[in-house]
Amino acid sequence: MKTMHTDEYEISIAREIIVCRRFTAKLRKRLEERAGRFGVSDPDQIEAAQGLQTKKPSRKELKQWREDIEALAIWAQRLREYEDALRMMRTSAPS
């Protein structure tokens, strides 16, 4: 099967890369803020660090924290896939 290459595909993938980069940056920032606020980088470390921290996250915040960690992994994987696709597309494009 022959693959067709067009500028529109590259443009679409490049846009998706921008969306993924922005969202992963947003998630990383939220995770860094929580790590700074609670003194640990993972919500599962809260109990172990109980004596070191001054604040304890609410259940709602713990839930969101875990969801953000999962979302970051998904969005980072998606970003890698788009970047790989764009790289392959550019290397296989006719000159």
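Above this text sits the structure in question.
Quantities reported herein were computed from a predicted structural model and do not represent experimental measurements.

About the thresholds
- Residues numbered from 1 in each chain as written.
- Predicted model: local features only at pLDDT ≥ 70, side-chain atom pairs only at ≥ 80, totals over all residues.
- Heavy atoms only, no water.
- Helix = DSSP H or I, 4+ residues; strand = E, 2+ residues; numbered from the N terminus.
- Areas by Shrake-Rupley, 256 points an atom, 1.4 Å probe, with all protein chains shown as cover.
- Buried < 20%, exposed > 50% of the residue type's maximum accessible area, 1.4 Å probe, protein only.
- Salt bridge = Lys/Arg side-chain N within 4 Å of Asp/Glu carboxyl O.
- Expected span 1.5 Å × (residues − 1).
- Contact = heavy atoms within 4.5 Å.
- Core = buried A, V, L, I, M, F, W, Y, C linked by side-chain atoms within 4.5 Å.

Looking at the overall build of the protein
Of regular secondary structure, the protein possesses 2 helices and 0 strands. As displayed, the protein has an accessible area near 7,300 Å², and 54% of this comes from carbon and sulfur atoms.

A word on the environment of Val19
Looking at the element boundaries, Val19 is found in helix α1 (residues 7-38). Residue Val19 is classed as partly exposed on the basis of its relative accessible area, which comes to 42%. Put simply, Val19 and Trp75 are 56 residues apart on the chain and 9.6 Å apart in space, counted from C-alpha to C-alpha.

Observations regarding the pattern of salt bridges
In this structure the tally under the stated criterion is 9 salt bridges. The closest approach of N and O atoms between Arg30 and Asp68, which form a salt bridge, is 2.7 Å. With Arg30 in helix α1 and Asp68 in helix α2 (residues 59-92), the pair connects residues that are 38 residues apart, well separated along the chain. For Arg30, a relative accessible area of 27% puts it in the partly exposed group.

Regarding α2
Residues three or four positions apart in an α-helix share a direction because the helix packs 3.6 residues into each turn. In a regular helix each residue adds 1.5 Å, so 34 residues correspond to 50 Å; α2 covers 49 Å between its end C-alpha atoms and thus fits that length. Listing the buried residues of α2 in full gives Glu61, Leu62, Trp65, Asp68, Ala71, Leu72, Ala76, Leu79, Leu86 and Met89. Tucked inside the fold, the buried residues of α2 contact α1.

A closer look at the environment of Ile17
With respect to the helices, strands and loops of the structure, Ile17 is situated in helix α1. Residue class for Ile17 comes out buried when judged on its relative accessible area of 5%. For Ile17 and Glu83, which are 66 residues apart along the polypeptide, the C-alpha to C-alpha distance reads 6.8 Å. Discounting residues that sit within four places of it in the chain, Ile17 has contacts with Leu79, Tyr82, Glu83 and Leu86.

Describing the environment of Arg34
Within the secondary structure layout, Arg34 lies in helix α1. The spatial distance from the C-alpha of Arg34 to the C-alpha of Pro57 is 9.0 Å, given a sequence separation of 23 residues. Those residues in contact with Arg34, other than ones at most four positions away along the chain, are Gly39, Val40, Glu61, Gln64, Trp65 and Asp68.

Here we look at the nonpolar core
The biggest cluster of nonpolar side chains holds 9 residues, and these are Leu27, Leu31, Phe38, Val40, Ile46, Leu62, Trp65, Ala71 and Leu72. Taken together, the elements giving at least two residues each to this core come down to α1 and α2. When residues of this core are assigned to their parent elements, the largest contribution, 4 residues, is made by α2. Among the nonpolar cores identified, the runner-up in size contains 6 residues, and Ile13, Ile17, Leu79 and Met89 belong to it.

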